[in-house]
Every structure is written in C-alpha cells, then in structure tokens.
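# Geometric and topological summary
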Amino acid sequence: FNKTLKLLMLNQWLTVRCVLIPRLKSPGVKRRFRIYSSALLVLQWLTNKDYKGGERFLVKMAAPLTLLVILSVTIRAVLYRSSLAEVISERVEVVSPLTAWKRVVEGLALLDLGVSPYSGDVFHETPLIIYLFHFVVDYAEITFMLADVITAVALYMAVMDYNKQVFRKQKYALEADRYPLDCLELIRSPKEMYYIPLKVAMFYLLNPFTILSCVAKSTCGLNNAVIALFILTTIKGNVLLSAIFLSLATYQSIYPLTLCAPALLYLMQRQFIPVNFRRVSFWWFIAQYAFMYLGSLFVIVGLSFFLLGSWDYVPSVYGFILSVPDLTPNIGLFWYFFAEMFEHFRLFFLCVFQINVFFYTIPLSIKLKEHPVFLIFMQLAVISIFKSYPTVGDIALYMAFLPVWSHLHRFLRNIFLVSCVLLACSALFPVLWHLWIYAGSANSNFYYAITLLFNVAQILLVSDYFYAFLRREHHLSYGLYLKRKDGSEATLVLK
Amino acid sequence: MAEQKFSLSVCVCVCVCVCVCMCVCVWAVRAMMCGCGRDDFQEELVIRPLHSGDIYASFQFRTVWETDFMRGNKVSHYRLFPKSLGQVISKFSVRELHISFTQGYWRTMQWGQPFQPSPPGAELWVWFQDSVTDVDGTWKELTNVLSGIFCASLNFIDSTNTVQPSASFKPLGIGNETDHRFLRYATLPREIVCTENLTPWKKLLPCGSKAGLAVLLKSEKLFHSSFHSQAVHIRPVCQDWQCKTTSWELRQTLNVVFDLHNSAQGKREWSLFKMFSRTLTEACPLASSSKIYIDITDNPQGEQFEVSPATPLLSQAVVLGDRRTFSVYDLTQQITFGTVRSLNLLIRWKSSDMLRPLLHAERYVAGYGLQTGEIHTLMYNNHPYRSFPVLLLDSVPWYLRLYIHTLTVTSKGKDNKPSYIHYQPSKDRLRPHLLEMLVQLPPNSVTEVTVQFERALLKWTEYTPDPNHGFYVGSSVISSLVPSIVAMDTNSTRERPLFSSFFPCKEESSYFVRVYTEPLLVNLPTPDFSMPYNVICLTCTVVAVGYGSLYNLLTRSFQIEEPSPGLAKRIANIIRKMRGVPPL
C-alpha cells in the first residue's frame, strides 16, 4: 500500500514539474492558482506521510549507509595493509606537523623515556590525544576508521534533519504564499532531497582526500569527527552537547571557535528567539551558551593540565598554531610566505593572516543569519583555506557538504573550471614535490605555485557557492524570470 | 785616611744594605703578587710511523703553575703561564677548559688511536666552578673572548649548538663535582682551521716559535697534511701524591698526520726537515724537559724502518692499553745535536702492514631526497673476547628533527637495548637535540645505531651563504673504557711522558678512549632566495582574491542591469543637467 501511494505521489509530482510548469508562463491567473494549490497539496501530503515518520525513514536508508560504511572500511583496511600506507603517511599534503601520526608516536616514545613530550618541538597534539592513544595506540587504525565512520554518520543524520527543516520551512513559505509564482522550478522536491544525506556520507567516506588522511592516520580525522558531532548536536537542537563539542573542537585546533556564530544563530532560530540586540532573551541565550561553552572548555583545559601536570602544552599547541614556527611545506598559504618573509614584517603579517581566518565570521553571520547551516559550510571552508597548517582532511570535511547544495548547481558560474583546477592540482602536488625534493630538477617555487593555484580554486569554489546561494535567495523573493522596465529579459548583476 | 776608610766602609755597607733590602723587597713583592710558587714548562714531540705509511707527529707543551686563580686577590704576575688565559680562568670562574681546532678527520681504522682525540672543526667544552650563577651568560661571554684569543668563529656558539651532556664529558682534572649544569659542550663542525688560528696558539707558548720544538710549527707545512689538530686544555691537577694542593695545568697539543706518498713523491723516507722544513738546534731555554720520542715498538730489530741518528736512550710507556717502546732524544743534552749542532731525524721504511684498533666508529646519512633521512652510526669492537660499554653522545641541530621512537641499536643482527638513554628533544631555533646512551659492545662485533630524522625548511635568512653546500652536523662522541692488554699506571703524579698522561686512569685493567666520528654534511630543502618580494606579492594576491570575492558578495546586492545610454545621450544629459532641465 505504501509503495502504491508513493508511486501515485511521484506521478502527481512529475505532472506538476514537467507538464504544468511550462504552461505557467502563459497568462491565466486562475489556472496558475489551481496548479499551485495542487502542488501544495502534494507537498503537504508528502510531509505528512513520508517525512514525519523518522524511524521508518532511518530503517529504509540504513541498508545503503551500512553498505557504504562497509565499502569504505574495506578500502581503508586494504590500503593499511598495502605498502602505500607508508608512502601516504609521509606526504606533506596529507599530514602536517600538527596532525602527523609519526609525531604522535614520537610523543608517546618521549613519555616512555620520561621526557615531557612538549619539551621538544616535535609533538604538538593536545594532552587528550596522548591520553587517548596511550590506550589505543595498538588499535590506531581501527580508531581512525571509526572516526571517519562517526563523522560520516553524524553528517548523514545532521543533513537528514536539516533537510526536513528545509522542507518544512519551504512548506510554510508556500502556504504563506511568500514565493513568486514563477519560482516553482526552484522549489526543492522530496525526491531529489531523498538521497542527499547518503550522498553526503558518500562524499565524505569515499573522498580520496578522506581516505588518504585516514590511511596516513592523520589526527585531522579525529578533529573532523568532533566537528561533525558538533554539527549534529547543533542541528538536533541540543544546546549543551553542542557547546561541549564546540569547546572540544576549539581545544583541538583553535579555529573552530568561529563556528560558535552559526551554532548560536541556528539554535536561536530553532527556539524562535529573534536575533535582536535589544531583546533580553537574545542576550540570555548567548550568556547560557557562552557559560556552557566556557565551562566545558575550562574542564577540558583543567583536565589536560592534570594529565601532564604542566601548562607546557599551551605554547606548544596553540602557540605553534598561531605563530607558525614550522615551515614544512603544505597545501596552505603560510609556509612559503613566512619562509620568505622579511624578519621585521613577520609579526605584522602573522597577525594579518591569523586575523583573516577569524575576520569573516561577523560579516558572514550578518549576511547569512537566516541560513546558519550554509554559514557553517562557509566557515569550514574559510578555515580550511586560510588556517596555518591545512591538510586535505580539512578540505574533505567541507566538501562533504557540497551535495547539500546540489540545488544551487544551476547558478554556479565556473564549477567546471574550478573542478578541473582542483583535480589537476591534486595530481600535480606529488609530481612537483618529487621534482623538487627527490629529483632536484625543480625548486620550491614549483610546489608553491601549485599551492597558490589550489587555494585560488578553493576560493573560487566557495565564493561560487556563496554567489549561487545568494542568487537563489534573491530569485525566491523577486521571481526567477526577471524583466527590465521595457519588458525584455533582464540580467542580474551585483551592484 | 781613616776618615776616608770609614766613609768607604759606610758606602759599602749602605750599598749592601740597599741591595739586600731591594732583593728582599723584590722577593717579597714577587711572592706577594703571584701568591704562589713554582711554575714548570715541558715540551715533547712524539713521532709514530703509522702502518698505513703515514707519519703521525704529536706535539705537547705543558705548563704547570702552583697557583690559585680562584682566590680573592687577583693573580697579576705571570711568568710561563700565558696571561690571557689566566685572566680568562679567573674572570669566568672556569674549572676546566678544553678547546680544539681540527682540520681533516682522524681515520681510526687506518691510523689507530690518537693521543688526543678531537672532532673535525672546533670543539669547546668547559666546566665552570659551582660558584657561577648564570652559566649560560658566562658561557656566551667566554666563547666570545675565546673567539678573540684564537681568531676563530667561536662566537657562533649559541644555544642552538650548545648541550649539557650528562655522562660523556666528566672533568679530566681533580674535583669530584659532576653536576652537569656547570658543563657546556659545543662543536662547530664547519669551522675551518688555518694559519690565523695557529699564530695565536703559538703565542701562548713561553718561547713562542723562537726556540725549542715550536720552531718546527711552520704553517705552510703543517696545513699541507692529511690531518691537523691543535688544542688547549686547562685543568686543575694535583701537585703531589697526597694531592693536598692543586696547581693549574695548561696543555697545548698539536697533532698532525703527514701523508708520505703525497709529500715525499712516493719515496718512503721521512725527516724533520722534509716534514717541517726546519731542523732543531736547541731546546726552549725555559723548559725543564724537552724530548722527542719515536715509537719503535713495531720495529724492535729495525726490520721495518731505520732511524738515524741512532740513540741509545730507550723508554717504555703504557699508552692506550699497550706497552710501547720509544727512542728518546733529549734536547736539553747538547750531545743530541751532534757536531753539526742541528738535529734532523730521518726514518727510512722497509715494509708495512695494517693494524686494527680495538674501538673505532664511523657514521653516515642514509636515504635520498630532501624530506627525510636516517643517521647510521657504526661502532666496531675488535676485541676478540671482551665486551665493553661505550657512551655515545650525539648532538644534532634542531633543523634535523630526530624521531627518537625510530632509534634502533643492533649488534650481530640482534637488538641491543641501551642500558641508559638520556634524550633532550630540540627546541626550534633555541637548542639542539642531545642523545646520550650507554651501549654494551659485544666482542668482535659491529654495533649499528640508527635514528630517522626529518629535514626542516628554514626561513630564508637562516641559511648559510652557500645553502646548497649543506649543513654540518658535529661528530658523535664515543667515550669508553677499553680493556687493556697491559696493566695501566694509576698514579697520576708519577713522572711520565706527556702523551701518556692526558686522560686520568682509575683502573689498571682498562684505559679511557674517546673516538670521534665523521661530521655529517646534510642537505636541506631551500626556498628560492631571489624572490621574497614575488612570494609576498603573490600570496597576498591570493588572500586578496579570497577577501575580495567574499567582500563583493557580502556588501553588494543583486540588481537588474539597465543598458547604459549611448555617448551622445549621456553628453546631452550632462548639458541638460547644467541647464537645470530634466534629463532625457
């Protein structure tokens, strides 16, 4: 019965999309309204029947997700057993001084020798990571695979929940007659949204960047898991857990601090608290969240202090992230810039580059205050482009969100160019590295040029998605087929 | 007449009195000013024909002074002891100072053990008195002063190449203070030793290079050799057997190995004149002893080489665990110089074979590319049935990031776990790695120590002017008590040849040996030094692209593009605006 209903519903939807919409352009207001209301009916029916039964939905989607997890774990397990694992774990694109597994092992070895791991400049992980691997160092591979699976499942559930809300909001907007009539094309159908959570999980688990990062046992995978859990708890509306995971992510690598803005916006939106500086409820909520965040941060920091009995880790972890003393090449912008910097400008540019990462939070939050999840995506992308020691694992995290914005594809301007550049750069990284370091036939400029291009491509990708998102929002409020005053077809420009 | 006589006798009396007074005064003043008694100077040259066919000449000049630099009143009267070093000792409260400058690498496998080991480049290690509060500050000042005294680049010693070994460098003089907080050790493997270092070194000698053995030290010959090492060692020693009072000992040593095949055009013949372009005519007049020893242990019947002029004096000494026989030439005896009043020793070879030292070591870097690498240290124990422990000290600069978890020690294919490891990780731009460990070397074996490292990319200003030449890593130091074949002499105050009395000997059954490995030359990845401006511009451009595109989207809004009016219309509108008429 269910299946027949679903088929019926799909048929109806298809008629709306394929047969009726083209006719919409012709005049006839009454007919338009009829079609409109029938579409509305379908939507209502869909939300009632299909999207409210969360459990049923989970059961239905569990099978492909399990298959996906099994497949990705198999790939990783095979790679761990192959000789490639060692090669990958040395790649500068995959591991940074902050996340390299070799350095974790070194830290544990130093502890065994009775030397504080932070007395040298090799180990830069947080004390909790040492504590974790003190117990599971023999099961490191399983830990990293588990972290990837946790990230994927958390993103999957988060996106599923988010999609439900998007759908609900869209329904209310339709009911309130807020969309212009010719925007029906832009309205998202449940069919195309149905597979998005699975695609997100797939984008994360099967992304070569994630696989490389996991095989290299980069602790970036663990940070990603923490951030994914933060996103999940935020989207589920659990304020306390969201604050705890955010403080954990901040503790691991400072930069996720900027994610507090989208989290606050989202949670307030969920609890119907208006973002208004003059309202007490707004400030009260912020105070609550800040208290939870700072409280858990305090507990974590205190715990790390008691684990090793010293504050040595603060300069060794956070000082290292902020002052960038290690200029080992990576895919980011910092290493060559600060290797070639004039000594008396170093501090100035260091401040500029670090502020740059945090700077976008405020304007982006103002612009995207209605869309906190897109804001999370933007923040993750900005962090992974401009952070001091980026690796491909960071890129994998924000790339997992790309399927969520698949409805923006019609507005993307240079996605083809950008994906070509990203692919070409990914292939050229090892080639130019080999030419510079091993063959000696190239110099550092070659590798540097590729990192520049890679970052430009990432910037274009992110700004393109941002553009498309803003443009869709514009169309949703002003109509899709805009006309000039004289009636001819208009083109939209940014002014 | 009587009056005259009287006045004369008064005169004489006065004169005698004045003379006596003056003498007493001078004696008293001298005793007061130097606050000490005797000083003594000895010089010695040991010549050892090596089995490889090379010749090893080792000069030792020893000044012993019964004084105390550490007492409150300043020592201001110097006789034999160089004033510049005396002032250094009292100003910086130095307890022991060892400095060496070496050009070339001592090939233990071919040449056996040297009398005084030293690593290539410059090495400095100092024990400070425990009254010193700011050891690092004093060390910094001291290196700068020594840099001036020896015309060397010792001022490049800073925290990045200084370590405090916990076990390898014990004081060689008396004193039981072994708190390694007062010890500083540094090497400059890149230091190039030349004439400018030799000249100030020679000036410290009481006779300079005017007389005695020092006349042989001509730089044009000394530096045309396979190995050249000059050193200064200052330490407190016992005055007598009871060791109630201490005196200060200054040893200046100079070791040189001449390559016979190079300098003698293949003829296996050697003489003082050929090597040093000088002959000896006299001993240093200030020296209490001045001797030349020639090692003839391997040549008892004169079947390998012959020495002329022959000498009837023979001496036996236990050195480096072996009893050696030497021909002795005493330069204080006029007869040594013969009728020509000049001594030109001559050695002619007949045949040769190789020797095997009990302990030697070598080191190299394995791996390829500029990303990672592995340091291999090989330690050979050639003793047929005895195993003995060695202390290995490695001081690696911070830009080679050592991974201590990759440390492996293997002997005879089996894992050989060190019984003691002292590891101090490096701090970027502040201090080097220090690795010290105690390893037991099984008999007749090779022990291999490997550790992996990662090469850092430095700031462009941190590279040397010739960055692609590579960076030097100082020698590993291997210190050991090697089992001796003959009983060693543990009495440190007995009169012995200088070359056999440098390292104090505590046990009869073993002797102390220090072996230095080769320094390493390691390449680091380099940035392009010619384009800091370009890099700054390009990176800033990329950041600006990111900032600009986001700024663009954040501040602007979407609007419908209206076609811009034609040029004529625009001009017309401007005119109409000026006229105050509404535009077209």
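How each quantity is defined
- Numbering of residues begins from 1 in every chain and follows the order in which that chain's sequence is written.
- Each chain takes a letter, starting from A, and each ligand takes a number, starting from 1, following the order in which they are written.
- The model is predicted, so local features are restricted to residues of pLDDT at least 70 and side-chain atom pairs to those at 80 or more, both for listing and for counting; the totals for chains, interfaces and linings are taken over all residues.
- To get the side-chain values, all heavy atoms of the structure are used, and hydrogens and water are removed first.
- Cysteine sulfur atoms that pair up within 2.5 Å are treated as a disulfide.
- Helix and strand definitions follow DSSP, with helices as H or I runs of at least four residues and strands as E runs of at least two, each counted in order from the N terminus.
- Per-residue accessibility, obtained with a 1.4 Å probe over protein chains only, is compared with the maximum for each type, and a residue is labelled buried under 20%, exposed over 50%, and partly exposed between these values.
- On a scale of 0 to 100, pLDDT captures the predictor's confidence in every residue.
- Here a residue-residue contact requires only that any non-hydrogen atoms of the pair lie within 4.5 Å.
- Throughout, an axis means a line fitted to C-alpha atoms (over the contacting stretch in the case of helices), and angles, computed between N-to-C directions, take values from 0 to 180 degrees.
- Angle categories: roughly parallel below 35 degrees, roughly antiparallel above 145, roughly perpendicular from 65 to 115, and oblique for all the rest.
- Helix crossings are classified by the rotation of the near helix relative to the far one: an anticlockwise turn of less than a right angle makes the crossing left-handed, while a clockwise turn makes it right-handed.
- For this classification, Asp, Glu, Lys and Arg are treated as charged, while Ala, Val, Leu, Ile, Met, Phe, Trp, Tyr, Cys and Pro are nonpolar and the rest, including Gly, are polar.
- Whether two strands pair depends on DSSP finding at least two bridges between them.
- Neither His nor the chain ends contribute to the count of charged residues, in which Lys and Arg are positive and Asp and Glu negative.
- Any carboxyl oxygen of Asp or Glu within 4 Å of a side-chain nitrogen of Lys or Arg constitutes a salt bridge here.
- Nine residue types can take part in a nonpolar core, namely buried Ala, Val, Leu, Ile, Met, Phe, Trp, Tyr and Cys, and a core is a set of them joined through side-chain atoms within 4.5 Å.
- Centre distance within 6.5 Å is the pairing criterion for rings of Phe, Tyr and Trp, where only the six-membered ring of Trp is used; planes under 30 degrees apart are then read as stacked, over 60 as edge-to-face, and the remainder as tilted.
- Here's the idea: put two parts together, see how much 1.4 Å probe accessible area each one loses, and the total over both is what we call buried area.
- N or O atoms within 3.5 Å of each other form a polar contact, as long as, within protein, one can give a hydrogen and the other can take it, and as long as residues adjacent in sequence are counted only when both atoms are side-chain atoms.

### Focus: the state of the cysteines
Under the counting rule described, the total for this entry stands at one disulfide over all chains. Each sulfur in the disulfide pair Cys 207 of chain B and Cys 284 of chain B lies 1.7 Å from the other. Given an S-S torsion of about 60°, the disulfide between Cys 207 of chain B and Cys 284 of chain B has right-handed geometry. Residue Cys 207 of chain B is located in the loop between helix 5 (195-203) and helix 6 (219-222), and its partner Cys 284 of chain B is located in the loop between helix 8 (272-276) and strand 10 (289-295); the two are separated by 77 residues in the primary sequence. Residue Cys 207 of chain B shares its accessibility class with Cys 284 of chain B, and that shared class is buried. Lacking any disulfide linkage, Cys 351 of chain A is separated from the closest cysteine sulfur, that of Cys 540 of chain B, by 14 Å. When its relative accessible area of 38% is taken as the criterion, Cys 351 of chain A is described as partly exposed.

### A closer look at the confidence of the model for chain A
Across chain A, the average pLDDT comes to 88, with 88% of residues at or above 70. Here residues 49-55 of chain A is a poorly scored stretch, pLDDT under 50, and it has 10 contacts once near neighbours within four places are set aside; other chains count.

### Describing the packing of helix 17 (residues 346-359) of chain A against helix 9 (residues 532-555) of chain B
Where helix 17 of chain A meets helix 9 of chain B, the axes come as close as 12 Å, and the angle between the chain directions of the two elements is 20°. In terms of orientation, helix 17 of chain A lies roughly parallel with respect to helix 9 of chain B. Considering how the two elements wind past one another, helix 17 of chain A and helix 9 of chain B form a crossing that is left-handed. Note on element contacts: helix 9 of chain B touches helix 17 of chain A through Ile 536, Thr 539, Cys 540, Val 543 and Tyr 547 of chain B, opposite Phe 349, Phe 353, Asn 356 and Phe 359 of chain A. A breakdown of the residues in the contact of helix 17 of chain A with helix 9 of chain B according to their chemical character gives seven nonpolar, two polar and no charged.

### Some points on the sheet that holds strand 25 (residues 510-516) of chain B
Residue and element names in this part refer to chain B. Taken in spatial order, the five strands of this open sheet run 20-21-17-24-25, and their pairing is antiparallel. At either end of the open sheet lies a strand with only one pairing partner, and these are strand 20 (420-424) and strand 25. Mean inter-strand twist for the sheet, computed between neighbouring axes without regard to direction, equals 15°. Note: strand 20 against strand 21 (residues 433-441), five bridges, orientation antiparallel.

### Overview of the side chain of Glu 44 of chain B
All names here are of chain B. Within the secondary structure, Glu 44 is located in strand 1 (residues 39-49). With no salt bridge to any partner, buried Glu 44 finds its closest opposite charge in Arg 251, at an N-O distance of 6.9 Å. Discounting residues that sit within four places of it in the chain, Glu 44 has contacts with Ser 58, Phe 59, Gln 60, Leu 213, Lys 291, Tyr 293, Pro 497, Leu 498 and Phe 499.

### Structural notes on the nonpolar core
Residue and element names in this part refer to chain A. In this structure, Ile 231, Phe 374, Trp 405 and Phe 466 are the most contacted members of the largest nonpolar core, which totals 238 residues. The element best represented in this core is helix 7 (residues 140-175), accounting for 17 residues. Contact partners of Ile 231, with chain neighbours within four places excluded, come to Leu 155, Ala 158, Ile 376, Leu 380 and Phe 401.

### Quick notes on the packing of aromatic side chains
All names here are of chain A. Summed over all chains, the structure comprises 70 aromatic pairs over all chains. Considering the side-chain rings of Tyr 131 and Phe 135, the 5.2 Å spacing of their centres and the 90° angle between planes classify their relative orientation as edge-to-face. Of this pair, Tyr 131 and Phe 135 both sit in helix 6 (residues 127-136), four residues apart, which is roughly one turn of the helix. The class of Phe 135 is exposed, set by a relative accessible area of 54%.

### Some points on the interface of chain B and chain A
By a widely used convention, the size of an interface equals the accessible area lost when the partners come together. Listed per partner, the contact involves 54 residues of chain B and 70 residues of chain A. With both sides pooled, the region where chain B packs onto chain A buries about 6,000 Å², and carbon together with sulfur makes up 65% of that total. Between chain B and chain A we count three salt bridges in total. Of the charged contacts in the structure, one is a salt bridge between Glu 343 of chain A and Lys 459 of chain B, with a shortest N-O distance of 3.9 Å. Here chain B is connected to chain A by 29 residue pairs in polar contact (both at pLDDT 80 or more). Of all elements in the fold, only strand 18 (400-411), strand 20, strand 22 (445-455), helix 9 and strand 27 (558-560) of chain B reach the threshold of two or more residues within the side of chain B that touches chain A. Among the elements that line the side of chain B that touches chain A, the one with the most residues is helix 9 of chain B, at 16 residues. Tallied by class, residues from the side of chain B that touches chain A come to 30 nonpolar, 13 polar and 11 charged. Examined bridge by bridge, strand 1 (residues 492-494) of chain A and strand 27 of chain B share three bridges and lie antiparallel to one another.

### Comments concerning the packing of helix 7 of chain A against helix 11 (residues 220-236) of chain A
Residue and element names in this part refer to chain A. Packing of helix 7 against helix 11 leaves a shortest axis separation of 8 Å and a crossing angle of 25°. By the angle between their directions, the pair helix 7 and helix 11 is classed as roughly parallel. Where helix 7 crosses over helix 11, the handedness of that crossing is left-handed. In this structure, helix 7 uses Phe 144, Ala 147, Asp 148, Ile 150, Thr 151, Ala 154, Leu 155, Met 157, Ala 158, Asp 161, Tyr 162 and Gln 165 to contact helix 11, whose residues at the interface are Gly 221, Leu 222, Asn 224, Ala 225, Ala 228, Leu 229, Ile 231, Leu 232, Ile 235 and Lys 236. Within the contact of helix 7 with helix 11, the residues separate by chemical class into 15 nonpolar, four polar and three charged.

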